[in-house]
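Tertiary structure, described
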Amino acid sequence: MKSNSSRKIGLAVAQMGPVNLADSRAAVVRRLVEMLREAAGRKADFVVFPELALTTFFPRYWMDEGEIVERFFERSMPNPEVQPLFDAARELSIGFYLGYAELTPAGRRFNTSILVDRHARIIGKYRKIHLPGHSDHKTEAPFQHLEKKYFEVGDLGFGVWDIDDVKVGMCLCNDRRWPETYRVMSLQSAELIVLGYNTPSKNIHWNEPTHLRTFHHEIVMQASAYQNAVWIGAAGKCGHEDGFHMIGGSMIVAPSGEIVARSSGEEDEVIAARIDLDLGTTFRDHVFNFARHRSPEHYRLIVERVGAGDPLPAAVLE
Ligand code: CDT
């Protein structure tokens, strides 16, 4: 990530409209490349793409696992279908974050994101830790949320990487709702946290009013940016994928908690801001000076307990 002044960089978030079951990888990658070019034209140094950006949000479908793997998982990265995105990044000298379904050589499956620098080198990898949904077939539900069936819990922790002197952390979708996600990264001096999401506007587990889906999406990121003195770039895949609606609201949030850029629709859309990393330093030097003010001896329960009042591991997250 290069910057003209020492502590300012151009950050773009590339929201995606729907990716339908019938859409080819090649067509999706063309959309990503087009948005990468637009972001570069707007002087971005780095672009955030959504979670599972290369395919439809397939955890909504109960399907044969072999078919799921064949249709939706990537065996390597970059692979020939995704290579045009890497080639464009190198040509434009721009870095990116991309979410995709990863199949390892050992046959393990993760909901993964990567951090790619402006030389198109993969410098960081994250595997989603907070997998939402269920693993059983909910025959009464209008759609499924089978992340617990199709993915393993990530095994890489929450990392932070240096990308041209900016400390960048990654997470994915449901992770953004959990305070631990951000704090583990801010304790590694993260300055910018990037994430992609696919958030259905309907909650199949309980009758949640639809407006709360966007409200909670905003409130967790605004509060977390402030409490951890980080910038957040969040890219959604949204609109109606084969009739199943997901929220938009892709955004860039400042360490003040303020939203500085926000998508306006539910289609492919690039939003951008020139972000001042020193704003985070200001908050970290004062109200959130961790070294001066944190009291970890009083936080032990956070790592000793999983569920409230119960030292045993929680069974499921639903
Ligand atoms: N993709 C993803 O993690 N979506 C979840 C839906 C939660 S409802 C089961 C999210 O947190 O947005």
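Note that the structure is a prediction, hence the values are computed from the model and not measured.

1. Focus: the packing of aromatic side chains
Tallying each qualifying case throughout the model produces 12 aromatic pairs. When the ring of Phe86 is compared with that of Phe96, the centres are 5.2 Å apart and the planes differ by 80 degrees; the resulting orientation is edge-to-face. Here Phe86, found in helix α3 (residues 83-92), pairs with Phe96, found in strand β3 (residues 95-103); they are 10 residues apart in sequence, far enough to count as distant. Put simply, the rings of Phe58, Phe72, Phe73, Tyr150 and Phe151 touch in pairs and so form one group of aromatic residues. Lying across the ring of Phe290, Arg294 places its NZ or CZ 5.8 Å from the centre.

2. A closer look at the site of the ligand
Near the ligand you find 14 residues, and of these Lys128, Cys173, Asn174, Arg177 and Thr199 are the closest. At 2.7 Å, a side-chain N or O of Arg177 approaches an oxygen atom of the ligand. For the ligand, a nitrogen atom lies 3.1 Å from a polar atom in the backbone of Asn198. Each residue belonging to the shell around the ligand can be placed in one class, and the counts come to 3 nonpolar, 5 polar and 6 charged.

3. Side note on a nonpolar patch on the surface
A surface patch of nonpolar side chains, amounting to about 320 Å² of accessible area, comprises Tyr299, Ile302 and Val303. Position of Ile302 among the secondary structure elements: in helix α9 (residues 300-304). Residue class for Ile302 comes out exposed when judged on its relative accessible area of 55%.

4. Here's the deal with helix α7 (residues 278-285)
A turn of α-helix holds 3.6 residues, and therefore any two residues three or four places apart point the same way. Three or more residues of α7 are buried, namely Gly280, Phe283 and Arg284. In an axial view of α7, the angular spread of the buried residues amounts to 100 degrees, which keeps them on one side of the axis.

5. Observations concerning the sheet that holds strand β4 (residues 109-116)
Across the sheet, which stays open at both edges, the 6 strands sit in the order β5-β4-β3-β2-β1-β14 with mixed pairing between neighbours. Looking at strand neighbours, the two that pair on one side only are β5 (122-127) and β14 (269-276), the edges of this open sheet. Strand after strand, the sheet turns through a mean of 30 degrees between neighbouring axes, direction not considered. On the sheet, helix α1 (residues 25-41) packs against β1 (8-15), β2 (46-48), β3 and β14 and is oriented at approximately 40 degrees with respect to β14.

6. Details of the sheet that holds strand β7 (residues 166-172)
Judged by pairing direction, the sheet is mixed, and its 6 strands sit side by side in the order β6-β7-β8-β9-β12-β13 without closing on themselves. Only two strands of the sheet have a single neighbouring strand rather than two, namely β6 (160-163) and β13 (259-262). Strand after strand, the sheet turns through a mean of 20 degrees between neighbouring axes, direction not considered. Pairing between strand β8 (residues 192-197) and strand β9 (residues 231-236): 6 bridges, direction parallel. Residue pairing in the sheet places Tyr197 in a bridge with Gly236 of β9. Contacting β8, β9, β12 (251-253) and β13, helix α6 (residues 210-228) crosses the sheet at an angle of about 30 degrees to β12.

7. What to know about unusual backbone geometry
Each neighbour pair has its own omega, and for Met77 with Pro78 the value is -5 degrees, a cis peptide bond. Here Pro78 lies in the loop between α2 (65-72) and α3. Even without a glycine there, the phi angle at Lys43 is positive, about 65 degrees. The topology assignment puts Lys43 in the loop between α1 and β2. Using a relative accessible area of 64% as the deciding quantity, one classes Lys43 as exposed.

8. Quick notes on the environment of Phe151
Assignment of secondary structure puts Phe151 in the loop between α4 (147-150) and β6. In this structure Phe151 comes out as buried when scored by relative accessible area, which is 6%. Phe151 sits 22 residues away from Ile129 along the chain, and the two C-alpha atoms are 9.9 Å apart. In this structure Phe151 touches Leu52, Phe58, Pro59, Phe73, Ala101, Arg109, Phe110, Asn111 and Leu131, once residues within four positions along its chain are discounted.

9. Digging into the pairing of β9
Here β9 lies mainly inside the structure; 6 of its 6 residues are buried. Side chains Trp231, Gly233 and Ala235 of β9 all project onto a buried face; the interleaved residues Ile232, Ala234 and Gly236 project onto the opposite face, where all are buried too. Once the chain exits β8 it traverses α6 before rejoining the sheet at β9, and the crossover so formed is right-handed. Where β9 lies against β12, 3 bridges are found, and the strand directions are antiparallel. The residue bridging Gly233 from the neighbouring strand is Ile252, located in β12.

About the cut-offs
Residues numbered from 1 in each chain as written. Predicted model: local features only at pLDDT ≥ 70, side-chain atom pairs only at ≥ 80, totals over all residues. Heavy atoms only, no water. Phe/Tyr/Trp six-rings, centres within 6.5 Å; stacked < 30°, edge-to-face > 60°. Helix = DSSP H or I, 4+ residues; strand = E, 2+ residues; numbered from the N terminus. Lys NZ or Arg CZ within 6 Å of the ring centre and 35° of its normal. Near = heavy atom within 4 Å. Polar contact = N/O pair within 3.5 Å; in protein donor to acceptor, adjacent residues only side chain to side chain. Nonpolar A, V, L, I, M, F, W, Y, C, P; charged D, E, K, R; others polar. Patch = residues over 30% accessible without salt bridge, like charges linked within 9 Å, V, L, I, M, F, W, Y side chains within 5 Å. Areas by Shrake-Rupley, 256 points an atom, 1.4 Å probe, with all protein chains shown as cover. Salt bridge = Lys/Arg side-chain N within 4 Å of Asp/Glu carboxyl O. Buried < 20%, exposed > 50% of the residue type's maximum accessible area, 1.4 Å probe, protein only. Arc of directions from axis to C-beta. Pairing = 2+ DSSP bridges. Axes fitted to C-alpha atoms, helices over the stretch in contact; angles between N-to-C directions. Contact = heavy atoms within 4.5 Å. Right-handed = clockwise from strand over helix to strand, strands pointing away.

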